[in-house]
Amino acid sequence: MGLTGRIRVPSDKSITHRAVMFGAVAHGVTTIHDPLLGADCRSTMEAMRRLGATVEERADRVVITGTDKMASTTIDCGNSGTTMRLLTGLLVGYDGTYELMGDESLSKRPMGRVTVPLRERGANIEGDYAPIRIRGSELGRIDYTLPVASAQVKSAILLAGLRAKGETIVREPMLSRDHTERMLPLFGGRIDVTIEDGVRVIRLDPGGLKGATVHVPADPSSAAFFWAGAAIVPNSRVTTVDVCLNETRIGFLRTLERMGASVSIERARPLGEETVADVTVSTSTLRGIELGGEAIPHQIDELPLFALVASQATSPSTVRDAGELRVKETDRIRTVVTELKTLGVDIEETEDGFTVRPSPIRGGDVDAFGDHRLSMMLQIAALLTDDPVHIHGMDVSDVSYPQFHQDLQRLGREIE
Ligand code: S3P
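Residues numbered from 1 in each chain as written. Predicted model: local features only at pLDDT ≥ 70, side-chain atom pairs only at ≥ 80, totals over all residues. Heavy atoms only, no water.

Student: With reference to specific residues and values, describe the nonpolar core.
Tutor: W227 and F306 are the most contacted members of the largest nonpolar core, which totals 70 residues. Sort the elements by how many residues they give to this core and helix 7 (residues 220-232) lands first, with nine residues. Core analysis: the next-biggest nonpolar cluster, separate from the first, contains 62 residues, V20, A53, L91 and F187 among them. (Core = buried A, V, L, I, M, F, W, Y, C linked by side-chain atoms within 4.5 Å. Buried < 20%, exposed > 50% of the residue type's maximum accessible area, 1.4 Å probe, protein only. Helix = DSSP H or I, 4+ residues; strand = E, 2+ residues; numbered from the N terminus.)

Student: Outline the site of the ligand, listing residues and values.
Tutor: In the region of the ligand, 13 residues are neighbours, and S14, R18, S150, D301 and K328 sit closest. At a separation of 2.7 Å, an oxygen atom of the ligand approaches a polar side-chain atom of R18. Between an oxygen atom of the ligand and a main-chain N or O atom of Q152, the distance comes to 2.9 Å. Surface burial for the ligand is 94%, taken as the share of its 390 Å² of free accessible area covered by protein chains. Contributions of two or more residues to the shell around the ligand are made by helix 1 (13-25), helix 3 (81-91) and helix 5 (151-161). Of the residues forming the shell around the ligand, the biggest block, three residues, is contributed by helix 1. Looking at the shell around the ligand residue by residue, the class counts come to three nonpolar, four polar and six charged. (Near = heavy atom within 4 Å. Polar contact = N/O pair within 3.5 Å; in protein donor to acceptor, adjacent residues only side chain to side chain. Areas by Shrake-Rupley, 256 points an atom, 1.4 Å probe, with all protein chains shown as cover. Nonpolar A, V, L, I, M, F, W, Y, C, P; charged D, E, K, R; others polar.)

Student: Describe in detail the UniProt feature "binding site: phosphoenolpyruvate" (unreviewed entry) in the chain, supporting the description with residues and values.
Tutor: Per the UniProt record, "binding site: phosphoenolpyruvate" (unreviewed entry) is annotated on K13, G81, R109, Q152, R332 and R373. Turning to its location among the elements, G81 is positioned in helix 3. Apart from the residues lying within four places of it in its own chain, the contact partners of G81 are L106, R109 and Q152. Inspection of the secondary structure assignment puts Q152 in helix 5. When its relative accessible area of 16% is taken as the criterion, Q152 is described as buried. Excluding residues that lie within four positions of it along the chain, Q152 makes contacts with G81, T82, R85 and L86. A polar atom in the side chain of Q152 sits 2.4 Å from the side chain of R85. (UniProt positions renumbered as here; feature names shortened; annotations may be inferred. Contact = heavy atoms within 4.5 Å.)

Student: Provide a residue-level description of the pattern of salt bridges, including the pertinent values.
Tutor: Tallied over the entire structure, the rule returns 41 salt bridges. With a closest N to O distance of 3.1 Å, D321 and R320 form a salt bridge. The partly exposed category is assigned to R320, whose relative accessible area is 40%. E349 is the partner of R326 in a salt bridge, and the nearest nitrogen-oxygen pair spans 3.0 Å. Taken together, the residues span a long stretch of sequence, with R326 in the loop between strand 18 (317-319) and helix 10 (332-342) and E349 in strand 19 (residues 346-350) at a distance of 23 residues. Classification of R326 by relative accessible area gives partly exposed; the value is 26%. The exposure class assigned to E349 is partly exposed, which follows from its relative accessible area of 29%. A single salt-bridge network, built from bridges that share partners, covers R109, R177, D301, E329, R332, D371 and R373. (Salt bridge = Lys/Arg side-chain N within 4 Å of Asp/Glu carboxyl O.)

Student: Quick one: what's the story with the sheet that holds strand 17 (residues 290-291), residue by residue and with numbers?
Tutor: Taken together, four strands build an open sheet; the order of strands is 17-18-20-19 and the sheet is mixed. Whereas interior strands pair on both sides, the edge strands pair on one side only; in this sheet they are strand 17 and strand 19. Bridge count for strand 17 against strand 18 is two bridges, and the pairing is parallel. Within strand 18, the residue paired with L291 across the bridge is V319. Contacts between helix 9 (residues 303-311) and the sheet are confined to strand 17, strand 18, strand 19 and strand 20 (353-357), with strand 20 contributing the most and set at about 20° to the helix. Lying over the sheet, helix 10 contacts strand 19 and strand 20, oriented at roughly 160° with respect to strand 19. (Pairing = 2+ DSSP bridges. Axes fitted to C-alpha atoms, helices over the stretch in contact; angles between N-to-C directions.)

Student: Requested: an account of the pairing of strand 15 (residues 262-271), with residues and values cited.
Tutor: Bridge analysis of strand 15 against strand 16 (residues 274-282) gives eight bridges, and the strand direction is antiparallel. Residue pairing across strands places R269 opposite V276, the latter belonging to strand 16. The antiparallel hairpin formed by strand 15 and strand 16 contains two residues in its connecting segment, where G272 sits at a positive phi of about 60°.

Student: Lay out the packing of helix 4 (residues 112-120) against helix 5 in plain terms, naming residues and giving numbers.
Tutor: Running from amino to carboxyl end, helix 4 crosses helix 5 at an angle of 30°, the nearest separation of the two axes being 9 Å. By the criterion of interaxial angle, the relationship of helix 4 to helix 5 is roughly parallel. For helix 4 against helix 5, the interelement crossing comes out right-handed. Contacts between helix 4 and helix 5 involve R113, V114, P117 and L118 from the first element and V153, A156, I157 and A160 from the second. The residue inventory of the contact of helix 4 with helix 5, partitioned by class, reads seven nonpolar, no polar and one charged. (Parallel < 35°, antiparallel > 145°, perpendicular 65-115°, else oblique. Left-handed = near helix turned anticlockwise from the far one by under 90°.)

Shown next as structure tokens:
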């Protein structure tokens, strides 16, 4: 019944999006080794093609020839918030008109967090929800303190800064994932990060990018499903190899350690701008914990999984300060609570999180509501009961993890 084996999960979604966008506006050729080819990153690749870049898919890499003009066009961002928010920032300084659309879920997600600060520096944008209409304009300097910990907002403002007339300063009271800041210098971006009075300050000078070579590590947000599965499914031991070990991304691994999980991190080594390692998690007795504050942005995408893991601990757990979950692909506080309740979990919704008490999982009919991370969390939950669990719309996991179900079966089958 346990999960055992070694696996390299698909490559990092956030890093792939950025490498494709930066390569498309850079002068020359960019080679991205081991990109993620899930639906969200395909939305970004297709967008960059429509804007005029050449994006070629080879066996294990994507080769991009950048363009210095962005052709006027309409872009379908699909389900991808990263595509829509980062592209809005990237495009506002180009000479053209652009319309960004999305699917039903993306059309309900707030874009004002990006459009409001961009308008402050002179951007001409219509709409605070998709469709977003952009008419390129001259951009001035900005000194902006992020009101929410969001790497997408931070990145959109920085990308607009590449074509602005003055400096871009972004102040970040709470650190969000930092792949943009790490990767821009590789493409020749002029960026500087300091800490001033406890606040992280990012300064970017305008200027063009040049092509680069990027190696994409395995995605910790995808590995997290197997870390969770290994921790809670009896008799499990799973090693995920080449995982990005960026501290802004592995909050969930630190959470598992705090809960008493058996975690070992081996062969830590640099890969381009990031560090990768092989991470092994084995089944252990877990205790409940309280999660909140600065720990939240570093595991925001893993909190649905935390709810499941917490249900298998020996004492209750609480998540607070996670109101951002309400504006993800679904309202992830609401959907996690309703679907886990259906599977027998004693879980209660709060305004900015949830409380979970130890509960056995039972079978039932649940819905992924078009949310990839909810689908994968429910597939892990299904391993904890012999009763049937029917997951409506399970295939949506392709958004970030093509073949998730097959990988899960492979790790499950090896011990039979
Ligand atoms: C992402 C940032 C996070 C995360 C999303 C990917 C990124 O969103 O939830 O899956 O690549 O920048 P926020 O910036 O809205 O927190």
